[in-house]
Amino acid sequence: MIAALAQPPHRTAEWQCTKCSVTNRKLVPKQTAVTDDRCLACHAKHLVWVGTRPVRWNAEAR
Ligand SMILES: [Zn+2]
């Protein structure tokens, strides 16, 4: 069996909160282009999408 290889690769989406400027990180599947997350500090919900640099993602409050 190749169950161990079936685990999809993940990467870290790093995004900056537009409300309080805290940097948040979320582990997402490697193919993910858009996700949503909640700021750890102020709990504002954000739409997060991949940026020109693969580590720093764009974020917009929603
Ligand atoms: Zn925040």
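Everything below is about the structure printed above this text.
Because the structure is predicted, anything quoted here is derived from the model rather than measured.

So, how was this worked out
Residues numbered from 1 in each chain as written. Predicted model: local features only at pLDDT ≥ 70, side-chain atom pairs only at ≥ 80, totals over all residues. Pairing = 2+ DSSP bridges. Helix = DSSP H or I, 4+ residues; strand = E, 2+ residues; numbered from the N terminus. Axes fitted to C-alpha atoms, helices over the stretch in contact; angles between N-to-C directions. Contact = placed C-beta atoms within 7 Å.

Comments concerning the sheet that holds strand E5 (residues 56-61)
One open sheet holds the 5 strands; their spatial order is E2-E1-E5-E4-E3, and the pairing between them is mixed. One side of each edge strand has no neighbouring strand; the edge strands of this open sheet are strand E2 (23-29) and strand E3 (34-38). Between one strand and the next, the sheet's axes are offset by a mean angle of 35°, whatever the strand orientation. Pairing of strand E4 (residues 45-49) with E5, which is carried by 4 bridges, proceeds in the antiparallel orientation. The partner of Trp49 across the bridge, within E5, is Asn58.

Some details on the environment of Trp15
Of note, Trp15 is situated in strand E1 (residues 10-16). Each residue touching Trp15, except ones within four places of it in the same chain, is listed here: Asn24, Asp37, His46, Val48, Trp57 and Ala59.

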